[in-house]
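Coordinate analysis (summary)
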Amino acid sequence: MKGRLIAAGLALAAVVGGAHATDLKRAEEIVGGRCFICHGMEGEAASALYPRLAAQHAEYIAKQLGDFKSGKRKSETMAGMAADLTPEEMKALGQFFQKKPATRSDAADADLAGVGRYIFTKGNPYSGVAACVSCHGPKGYGTPLLPRLAGQQALYLENQLKQFNTRERNNDNAVMHSIASKLTELEVKAVASYISTLD
């Protein structure tokens, strides 16, 4: 009896493992057919305008793809890219990119990044800006529900903070609307610069 249970468990693991490998193979096909143009095959991003997806949480990627498909998150380009994706393919794409090694940038201006480090770790108590670490963690790794920020493109981060401020982006945590509305232009550039340097 015990031997049969072990054999059944091993068979189930083989089926699940095989299905997982098939999902990742399908994800790689999708990435090679469309995602790589902007995000690269390794999730490294082809331009500072596009997010780095390498090491991003699988659940977060799948949610964003679903939001692009439904129109909850606005982007004509991404709506078209996500239009025919199934929920299973979105999850597989998340797993695919989550397994890729993260990259980072060097600070172009150390002083600016220093201001960003202060905002990231302590916020701005004088204007009511919360510290980024309070939600995204001390290393900027986030959670399955909150994005990994560490190593993200500075220009992309700046644009997202501006979209949260103008409510152009409203598919995620409403707390970001309040935070972004209190950030000055200097703080936006500084915190984006600092975050892009995190490992």
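Here goes a summary of the coordinates provided. (Residues numbered from 1 in each chain as written. Predicted model: local features only at pLDDT ≥ 70, side-chain atom pairs only at ≥ 80, totals over all residues. Heavy atoms only, no water.)

Some details on a nonpolar patch on the surface
- A cluster of nonpolar side chains, contributed by Leu49, Tyr50 and Leu155, occupies part of the molecular surface with about 250 Å² of accessible area.
- Summarising the element assignment, Leu155 is placed in helix H7 (residues 154–165). (Patch = residues over 30% accessible without salt bridge, like charges linked within 9 Å, V, L, I, M, F, W, Y side chains within 5 Å. Areas by Shrake-Rupley, 256 points an atom, 1.4 Å probe, with all protein chains shown as cover. Salt bridge = Lys/Arg side-chain N within 4 Å of Asp/Glu carboxyl O. Helix = DSSP H or I, 4+ residues; strand = E, 2+ residues; numbered from the N terminus.)

Side note on the packing of aromatic side chains
- As enumerated under the stated definition, the model contains two aromatic pairs in all.
- A ring pair is formed by Phe96 and Phe97, whose centres lie 5.2 Å apart and whose planes are at 85°; its orientation type is edge-to-face.
- Note on Phe97: relative accessible area 2%, which makes it buried. (Phe/Tyr/Trp six-rings, centres within 6.5 Å; stacked < 30°, edge-to-face > 60°. Buried < 20%, exposed > 50% of the residue type's maximum accessible area, 1.4 Å probe, protein only.)

Points about the pattern of salt bridges
- Counted according to the given criterion, the structure contains 11 salt bridges.
- As a salt-bridge pair, Glu89 and Arg26 come within 2.9 Å of each other at their nearest N and O atoms. Pair noted here: Glu89 is in helix H4 (residues 87–98) and Arg26 is in helix H1 (residues 2–39), with a separation of 63 residues, a long-range link.
- The partner of Arg34 in a salt bridge is Asp84, with the nearest N and O atoms 2.8 Å apart. Of this pair, Arg34 sits in helix H1 while Asp84 sits in the loop between helix H3 (76–82) and H4, and the two are 50 residues apart along the sequence.
- When its relative accessible area of 52% is taken as the criterion, Asp84 is described as exposed.
- Through salt bridges that share partners, Lys63, Asp67, Arg169 and Asp172 make up one connected network.

The quantities given are spatial measurements derived from coordinates; they are silent on function.
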